[in-house]
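This is what each chain is made of:
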Amino acid sequence: MRRTEYEALYGGAAGGGKSEALVMEALRQIRFPHYKGLILRKTYPQLSELIEKSLYYYPRAVPAARFNASEHYWTFPSGAKIVFGAMQRPEDRVKYQGKSFDYVAFDELTHFTWEEYSYMFSRNRANGPGTVGYVRATANPGGVGHGWVKARFITPAPAGTPITESVEARMPDGSVKTYPRSRVFINSTVFDNFALLKNDPDYVGRLAMLPPAEKAALLYGDWDSFSGQVFAEWRDDPAGYETRRGTHVIAPFAIPKAWSLYRGFDFGYAKPFSVGWYAVDGDRRVYRVRELYGCTGAPNVGVRWEPSRIAEEIKAAEASDPNLKGRYIHGIADPSIFDESRGDSVALLMERRGVYFDRGDNTRIAGKMQLHDRLAFDERGEPGFYVFNTCRNFIRTLPSLTYSSVDPEDVDTSQEDHAYDECRYVLMAGPIASSVSPRPKAKPYSPLDEGEQGRYEWLKL
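This write-up is about the structure you can find in this document. Keep in mind that what you see is a predicted model, and the values were worked out from it rather than measured. (Residues numbered from 1 in each chain as written. Predicted model: local features only at pLDDT ≥ 70, side-chain atom pairs only at ≥ 80, totals over all residues. Heavy atoms only, no water.)

This paragraph deals with the overall build of the chain. Helix and strand counts for the chain stand at 13 helices and 16 strands. Considering the chain as a whole, with its 461 residues, one finds that 48% of them fall into the buried category. Within the chain, counting contacts between residues at least 6 apart in sequence, those at least 24 apart form 68% of the total. Accessible area of the chain: about 22800 Å², with a carbon and sulfur share of 53%. (Helix = DSSP H or I, 4+ residues; strand = E, 2+ residues; numbered from the N terminus. Buried < 20%, exposed > 50% of the residue type's maximum accessible area, 1.4 Å probe, protein only. Contact = heavy atoms within 4.5 Å. Areas by Shrake-Rupley, 256 points an atom, 1.4 Å probe, with all protein chains shown as cover.)

The subject of this paragraph is the sheet that holds strand 13 (residues 286–293). What the seven strands build is an open sheet, ordered 10-16-13-12-11-14-15; its pairing is mixed. Lying at the two open borders of the sheet, with one neighbouring strand each, are strand 10 (249–250) and strand 15 (358–359). Relative to strand 16 (residues 385–388), strand 13 is paired through three bridges, and the arrangement is parallel. Within strand 16, the residue paired with Val286 across the bridge is Phe385. Of the strands in this sheet, strand 11 (260–266), strand 12 (274–280) and strand 13 touch helix 8 (residues 307–320), which is tilted by about 30 degrees from strand 12. (Pairing = 2+ DSSP bridges. Axes fitted to C-alpha atoms, helices over the stretch in contact; angles between N-to-C directions.)

Our next topic: the side chain of Asp421. Checked against the element boundaries, Asp421 lands in helix 12 (residues 418–429). Polar side-chain contacts of Asp421 include one of 2.9 Å to the side chain of Arg424. Here Asp421 is in contact with Asp266 and Arg364, once residues within four sequence places are set aside. (Polar contact = N/O pair within 3.5 Å; in protein donor to acceptor, adjacent residues only side chain to side chain.)

As a further point, take the pairing of strand 2 (residues 36–41). As a general feature of sheets, a regular strand has side chains that alternate between the two faces. Burial analysis of strand 2 places five of its six residues in the buried class, which makes it a mostly covered element. Sheet analysis places strand 2 next to strand 5 (residues 81–86), joined by six bridges and oriented parallel. In the sheet register, Leu38 faces strand 5, and the bridge partner there is Val83. Pairing analysis gives four bridges linking strand 2 to strand 6 (residues 103–106), with the strands arranged parallel. Within strand 6, the position partnered with Ile39 by the bridge is Ala105.

Below, the structure written as structure tokens:
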């Protein structure tokens, strides 16, 4: 927690003492009367454990500290404050508008969206001389924010390695100033918490009893496997990129002319749009061969391109890519782009630029099951669905999708699911039979059945 990076994520597995570290770190600057810290959970009921920890530690660290139970904040002799807050919905961000906090902390960061997290950068500033503004967070794998948290903290660099970037701001005189920003991920597992292992050495055994995905995430901090993951069968193994076995991600290759080509489209403006090009071989195996993804680089934030510009980019890709150039490509899109209730539809605007789509089948559960069936590996280790390793946004977002809390059979649509959606439309254009054999219907019991004839044959006389 004493790292010098502006952002630090501490966690990975269960039992590493993450919450204790977050609560105790808030005390670092309480000697300054103007200091104010904020510790966030998704909902107020979830704050109870953090508050209990503060009730244990804070009076021992500062006996004169006082807690306001109704308003959820601590006051210290210097005048400093530590506030416990929640952000159940994205619109709850406005509760913190106009407020400033030297220390901003998120417990279980994967429960938050990128919009919620990044907004609090604007609330994080030094409230007076001597204090420093910084952000700290804890997390386990899984949850609605798994994808963006992994992309921001886990994927870019090994644990403990600073991740640096530069941001620019235009000054009043027209000049541009560059500001370096840094962040880091610090891995934590139960094996780092010596106090817990001493008090409860059998806790490791209980974590080892969990189902495989939860065990990998909560015991070992595996960010590629977690409870609630929709497409747990997804595999990205570089060892199979050339052999195309044991992996869904493969190296690009030249698409044979005899194969059919499809283009899937999910429109977005404030959120990303996604265009995916697919090839289908003679065995009906599907290959995602290229993508055009309208994201700013911030998770789930769209580039705000008009339909006409997207159409021009599609035409440029299909004119330059050797796998697409000069080929007939069947376009399939979200049915909503044909909506003309508020003027010209997105589909019509793109048709005027020479890009055409048919209405896709947006039956959500059936489309999801089509992808499940195609992701399944056969006895040779070959799936029915491959992705070129150049399709980075599909590879980034699909394995991070989690189930909806409203419909436990469907994907949570608040996530970055745009590439997945346009993939569904393409797969539903040529559905395959499920590889899972239907369960035979139970036959009503009858003592006269053939299987029972030895005992009841005499009744048939």
